[in-house]
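# Observations on the three-dimensional arrangement
Letter by letter, the chains look like this.
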Amino acid sequence: SLCDWSSDVCSSDLILVVDNDLKNRELLRGTISDGLTYPRLHVSTAGNAADALTVFTNVRMNVLVTDFNMPGKNGAELIEEIRTRHYIRIPAIVV
């Protein structure tokens, strides 16, 4: 997992990018990683809402960037489930 609770990553700013299109997902991850020079910023990715929910079960992310149109749950449904299931008001950007 991204954070094993003994690493510095746990005290970092964690951003999750969710998009079912690999090309778009990697473009978003790269743009965020390259555009911000904050040394404690880490970007993780998930290919769908189910994988994103698994990430949130294991790691408390700080920001969510998600595609809206995905198979299964769309981006709005993902945000609602994260906020409901994990009782957090995560900042989210829908693309």
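So, here is what we can say about the structure in this document. (Residues numbered from 1 in each chain as written. Predicted model: local features only at pLDDT ≥ 70, side-chain atom pairs only at ≥ 80, totals over all residues. Heavy atoms only, no water.)

## What to know about the overall build of the protein chain
Broken down by element type, the protein chain carries 3 helices and 4 strands. Element order for the protein chain, N to C, with α for helix and β for strand: β-α-β-α-β-α-β. Taken over 95 residues, the protein chain has a buried fraction of 39%. Sequence-distant contacts in the protein chain: of pairs separated by 6 or more residues, those separated by 24 or more amount to 68%. Accessible surface, the protein chain: about 5600 Å² in total, of which carbon and sulfur atoms supply 52%. (Helix = DSSP H or I, 4+ residues; strand = E, 2+ residues; numbered from the N terminus. Buried < 20%, exposed > 50% of the residue type's maximum accessible area, 1.4 Å probe, protein only. Contact = heavy atoms within 4.5 Å. Areas by Shrake-Rupley, 256 points an atom, 1.4 Å probe, with all protein chains shown as cover.)

## A short note on helix 1 (residues 22–35)
Residues spaced three or four apart along an α-helix face the same direction, because each turn holds 3.6 residues. Given a rise of 1.5 Å per residue, 14 residues ought to cover 20 Å, and the 19 Å separating the end C-alpha atoms of helix 1 matches this to within 8%. Listed as buried for helix 1 are R25, G30 and I32. Axial view of helix 1: buried residues confined to an arc of 165°, hence all on one face. For helix 1, the exposed residues set more than 90 degrees away from the buried face come down to K23, L27, D34 and G35. Here the buried face of helix 1 lies against strand 1 (13–18), strand 2 (41–46) and strand 3 (63–66). At the N-terminal boundary of helix 1, the capping side chain belongs to D21, with an oxygen 2.9 Å from the backbone nitrogen of K23. (Expected span 1.5 Å × (residues − 1). Arc of directions from axis to C-beta. Polar contact = N/O pair within 3.5 Å; in protein donor to acceptor, adjacent residues only side chain to side chain.)

## Quick word on the environment of G47
Inspection of the secondary structure puts G47 in the loop between strand 2 and helix 2 (49–58). Along the sequence, G47 and M70 sit 23 residues apart, while their C-alpha atoms lie 9.1 Å from each other. Excluding residues within four positions of it along the chain, G47 makes contact with D19, N20 and R25.

None of this, on its own, says anything about what the molecule does.
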